[in-house]
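# Working through the structure, step by step
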Amino acid sequence: MATSVRRTTLTLPTAPVGPDNPLPALRPLDEVHRVDDRTRATLPTDMARQVAYAPLRSVLPVRLRDGYGRDRAPAALDAIVLENDRLRATVLPGFGGRVHSLVHKPTGRELLYRNPVLQPADFALNGAWFSGGIEWNIGATGHTTLSCSPLHAARVPAPDAAQGGAMVRLWEWERLRDLPFQVDLWLPADSAFLYVGVRIRNPHHLPAPVYWWSNIAVPEDEHTRVLAPADDAWHFGYARTLGKVPVPEWDGADRTYPLRGDYPADYFYEVPDGARRWIASLDADGAGLVQTSTDLLRGRKLFVWGAGPGGRRWQQWLTEPGTGGYAEIQAGLARTQLEHVPLEAGEEFAWLEAYGPLTADPAAVHGTDWAAARRETETRLETALPRAAVDAAYAAWRPYADAEPAERLATGSGWGALEIERGGFQLPGTPFDPDTLGEEQEPWRRLLRTGALPDWEPGPSRADPGASVVAPAWRDLLEAAPSTAAAEYHLGVAQWHAGDRAQAERSWERSLRCAETPWTLRCLAVADTASGHAARAAERLLRAVRLLLTSAAAPEPEAPPVPETAGAGQGAARREGAGQGTAVSVAAPPVATDPLALETAEAALGREAILALLAANRADDARAVLDALRPTIRARGRFRLLRAQVLLAQGDALAARAVFDEGFEVCDLREGDEALSDTWYAIVERLATGTEDPLPEEARARTRADHPLPAHYEFRMRPA
């Protein structure tokens, strides 16, 4: 059959992603894939240089996504299907262009790990991410901020267009690095391999750091073996160490079998120069998926969850009971995911990948001779898809990378259209049409056209200050704009992103002089924390929460008021800032037009205020804020954990233990976060001593052994 491209819907049990967090992501990333200077000094020169090149300080201007839960219900998701006689690929354009499924039709075999549910978890750089399929990670080390965002999609002519061939193009403007990219999915009529052409362009006048890793989730059991053309790998564990290890045997186990280890880990294969780039995951019968590419995509990686309790718990967390596990095989622009690669001004990176079925002799694949296992796999790959054929497919695709879309299949964000309007960039093949501009972009269009950013209206500004933009050109426009509460707030965010903290604080102080808002107080509190002023940060956040709760819709009856001035007798500092000694205007209390937005803002500010108050040794005030939040917020697992931490800080370890005994789930628990285990052991040790005095090491170990962390709270990704 000729290749077909069609739109459809896919129904999956889905937990909605929920609203974005309205607070700008000012804080440093807690990304676990980092190494210290001492480790970096041991790396090869080129790797060390790229590890140190342009690391992110935050995910600005992207907003955090932490508003999801774990209540799943069937949802019809927009999908695009590419199909020929041999393969059927199903793509979710509304979720980062994820390839949800790749089926080998002659055998009916699903080549990917296909998650039967869509359950967000806190793994993306900005929060919400879900497991399964093939994902396109761009921006910076970690899962892309576009994991749960829509991409533009269209049908475009393929290199075999004369025979009726068509491609599916996915594209978007990646905001962390301010770069447009495209992913072209091409399935020729007689092909058993899905071709993927990728292009990243730098339309600016300066070099830009680039990150790309294609992540492929594959089914995993005790017989799964991952093969790649390498005798060495760079091992990264969640203890944040990076070092070279032999392949396949290391530390007493064959690490090419994903379940032959206890903890999550990355293995970045050292593929020799000149070798073909490929990676395969094969089962007990020697059958599975292979990925290969043109040479620019040099890196190959295996990620394993391991067989220990933490990794198993995470796998269960990401899907539904009874679902098998998975590993990830990956391909990237650099040797490791700790690196970023410079893309020169006006230039582009482009390559072609291929995904398809592979069958090899299981005796060779699973034999003890690693060289023979690799040779057998690569020989079968060369038979199924010669290296020269991949290069030829790339050459055939390149002229079509600029082909204009013939039919729109899905719509992404309006941020690309805004950048086109500002910069006048010419990007053939990836149109960012003006009709994609929306409410988020409108204030910035007004700034472009009039030189003034619209000031906040009393109502909406109390629930959401609006999305920020931070690129240098936008910062210049904000600096020239008339001074208003909104303009100074957004200018401060842009200056903070640029590393100019002193100017950011001055802008936020000017915003406060225009109007006192929770958003600006919170920004100044983050600055206070960064400069070591914990007490002042706590006081500002307490004021921000009070403003939000008193100026939004009337609080629910059982919610007690938050004290305006708190902390007497607890060493609290008085609020400092531009508002002191100045007439401060507070906008009239608005009518709550969007209850969900108000609840989202309340949860975001409340969480930060409670943590800040605990850090400032103001447990009673933290308790007051927690009690003032609406019941639907207090019932969330994140706030149940905060309840236990507040009770422990107040000296009531028994009540804190009761919170754990009642049970809760922290829906937005971050990858690598050990807050659950840390809080649990702090409670049991306090109960053992009855005081805040630390236990001797022997008694501490005995107490922990006598009171192990309950299994449903076990998410640790490294040895305890």
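Since the structure is predicted, the reported quantities are computational estimates derived from the model, not experimental observations. (Residues numbered from 1 in each chain as written. Predicted model: local features only at pLDDT ≥ 70, side-chain atom pairs only at ≥ 80, totals over all residues. Heavy atoms only, no water.)

### Points about the overall build of the protein
Helix and strand counts for the protein stand at 21 helices and 27 strands. A compact globule built from 720 residues would reach a C-alpha radius of gyration of about 27 Å, and the protein, at 26 Å, matches this within 12%. Principal axes of the C-alpha set define a box for the protein whose edges measure 75 × 70 × 50 Å. Counting every position in the protein, which comprises 720 residues, the buried fraction comes to 59%. By sequence separation, contacts in the protein at least 24 residues apart represent 74% of the contacts at least 6 residues apart. Surface summary for the protein: the accessible area is close to 27200 Å², and the carbon and sulfur share equals 51%. (Helix = DSSP H or I, 4+ residues; strand = E, 2+ residues; numbered from the N terminus. Rg over C-alpha atoms; globule rule 2.2 N^0.38 Å. Buried < 20%, exposed > 50% of the residue type's maximum accessible area, 1.4 Å probe, protein only. Contact = heavy atoms within 4.5 Å. Areas by Shrake-Rupley, 256 points an atom, 1.4 Å probe, with all protein chains shown as cover.)

### A word on the nonpolar core
Within the largest apolar cluster, 86 residues are counted, with the highest numbers of intra-cluster contacts made by Trp136, Leu185, Trp212 and Tyr269. No other element matches the seven residues that strand S26 (residues 348-359) contributes to this core. With near-sequence residues (within four places) excluded, tyrosine 269 lies in contact with Val226, Ala228, Ala230, Asp232, Ala233, Val247, Thr256, Ile279, Arg300, Lys301 and Leu302. Membership of the second largest hydrophobic core comes to 73 residues, among which are Ala154, Leu437, Leu542 and Leu548. (Core = buried A, V, L, I, M, F, W, Y, C linked by side-chain atoms within 4.5 Å.)

### Some thoughts on helix H18 (residues 637-649)
With 13 residues, H18 extends 18 Å from end C-alpha to end C-alpha; this agrees with the ideal 18 Å at 1.5 Å per step. H18 sits mainly inside the fold: twelve of its 13 residues count as buried. Within H18, burial applies to Gly637, Arg638, Phe639, Arg640, Leu641, Leu642, Arg643, Ala644, Gln645, Val646, Leu647 and Leu648. Residues of H18 that are buried sit in contact with helix H15 (595-615), helix H16 (619-628), helix H17 (631-634), helix H19 (653-662) and helix H20 (675-689). A positive phi of about 90 degrees marks glycine 651, the residue just after H18. (Expected span 1.5 Å × (residues − 1).)

### As for H15
With 21 residues, H15 extends 30 Å from end C-alpha to end C-alpha; this agrees with the ideal 30 Å at 1.5 Å per step. Of all 21 residues that make up H15, 16 are buried, and the element is covered over most of its length.

### Brief notes about the packing of H19 against H20
Direction vectors running N to C along H19 and H20 enclose 140 degrees, while the axes themselves pass 9 Å from each other. Taken together, the axes of H19 and H20 lie oblique to each other. You can see that H19 and H20 cross each other, and the crossing is left-handed. Packed against H19, whose contacting residues are Ala653, Leu654, Ala656, Arg657, Phe660 and Asp661, the element H20 presents Leu676, Thr679, Trp680, Ile683, Val684, Arg686 and Leu687 at the interface. Of the residues assigned to the contact of H19 with H20, the class counts are nine nonpolar, one polar and three charged. (Axes fitted to C-alpha atoms, helices over the stretch in contact; angles between N-to-C directions. Parallel < 35°, antiparallel > 145°, perpendicular 65-115°, else oblique. Left-handed = near helix turned anticlockwise from the far one by under 90°. Nonpolar A, V, L, I, M, F, W, Y, C, P; charged D, E, K, R; others polar.)

### Observations regarding the sheet that holds strand S11 (residues 179-186)
Read across the open sheet, the nine strands follow the order S15-S21-S22-S26-S12-S11-S10-S9-S27; overall the sheet is antiparallel. At either margin of the open sheet sits one strand with a lone partner, and together these are strand S15 (225-227) and strand S27 (407-410). Strand-to-strand twist in this sheet, taken as the mean axis angle between neighbours without regard to direction, amounts to 20 degrees. As judged from the six bridges shared by strand S9 (residues 152-157) and strand S10 (residues 166-174), these two strands associate in the antiparallel manner. When the bridges of S10 are listed, proline 157 appears paired with alanine 166. (Pairing = 2+ DSSP bridges.)

### Some words on the side chain of threonine 436
Among the secondary structure elements, threonine 436 is positioned in the loop between helix H7 (415-423) and helix H8 (442-450). Within the structure, threonine 436 has its side chain in polar contact with the backbone oxygen of aspartate 433 (distance 2.6 Å). When residues no more than four places from it in sequence are discounted, the contact partners of threonine 436 are His152, Thr411, Ser413, Gly414, Ala417 and Gln441. (Polar contact = N/O pair within 3.5 Å; in protein donor to acceptor, adjacent residues only side chain to side chain.)

### Things to note about the side chain of histidine 235
Mapped onto the secondary structure, histidine 235 falls in strand S16 (residues 232-237). According to the relative accessible area criterion, histidine 235 is buried, its value standing at 14%. In this view, histidine 235 contacts Thr241, Leu242, Gly243, Val245, Trp250, Ala265, Asp266 and Tyr267; residues no more than four positions away in its chain are not counted.

### Some remarks on unusual backbone geometry
Cis rather than trans, the peptide bond between leucine 60 and proline 61 has omega equal to 5 degrees. Secondary-structure assignment places proline 61 in the loop between helix H2 (45-51) and strand S2 (73-83). Cis geometry marks the peptide bond from valine 247 to proline 248; its omega dihedral reads 5 degrees. Along the polypeptide, proline 248 turns up in the loop between strand S17 (241-246) and strand S18 (249-250). Even without glycine at this site, aspartate 251 takes up a positive phi of about 55 degrees.

### Points about the packing of aromatic side chains
For the coordinates displayed, the defined rule picks out 26 aromatic pairs. On the basis of an interplanar angle of 80 degrees and a centroid distance of 5.2 Å, the ring pair of tryptophan 317 and phenylalanine 715 is categorised as edge-to-face. With tryptophan 317 in helix H3 (residues 309-317) and phenylalanine 715 in the segment after helix H21 (697-706), this residue pair connects regions lying 398 residues apart in the sequence. Taking the relative accessible area as the measure of exposure, tryptophan 317 reaches 3% and is therefore buried. Among the aromatic residues, those joined into a cluster by ring pairs are Tyr113, Phe123, Trp129, Phe303, Trp305, Trp314, Trp317, Tyr326 and Phe715. (Phe/Tyr/Trp six-rings, centres within 6.5 Å; stacked < 30°, edge-to-face > 60°.)

### Notes on the pattern of salt bridges
With the rule as written, the count across this model stands at 55 salt bridges. When the shortest N-O distance is used, the salt bridge between arginine 408 and aspartate 435 registers 3.3 Å. Pair noted here: arginine 408 is in strand S27 and aspartate 435 is in the loop between H7 and H8, with a separation of 27 residues, a long-range link. Residue arginine 408 is classed as partly exposed on the basis of its relative accessible area, which comes to 39%. Through salt bridges with shared partners, one network takes in Arg6, Glu83, Arg88 and Lys105. (Salt bridge = Lys/Arg side-chain N within 4 Å of Asp/Glu carboxyl O.)

### With respect to the environment of histidine 33
Inspection of the secondary structure assignment puts histidine 33 in the loop between strand S1 (4-14) and helix H1 (37-40). Assessed through its relative accessible area of 11%, histidine 33 is described here as buried. Setting aside residues no more than four positions away along its own chain, histidine 33 makes contact with Thr141, Phe236, Tyr238, Asp266, Leu338 and Glu671. Reaching out from histidine 33, the side chain makes a polar contact with the side chain of aspartate 266 at a distance of 2.9 Å.

### With respect to the packing of H15 against H18
If you want to describe how two helices pack, look at the angle between their axes and the distance between the axes. Contact pair H15 / H18: the axes reach a minimum separation of 11 Å and the direction vectors enclose 20 degrees. Judged by the inter-axis angle, H15 sits roughly parallel to H18. For H15 against H18, the interelement crossing comes out left-handed. Across the interface between the two elements, Ala603, Gly606, Arg607, Ile610, Leu611 and Leu614 from H15 touch Arg638, Phe639, Leu642, Gln645, Val646 and Ala649 from H18. Grouping the constituent residues of the contact of H15 with H18 by class yields eight nonpolar, two polar and two charged.

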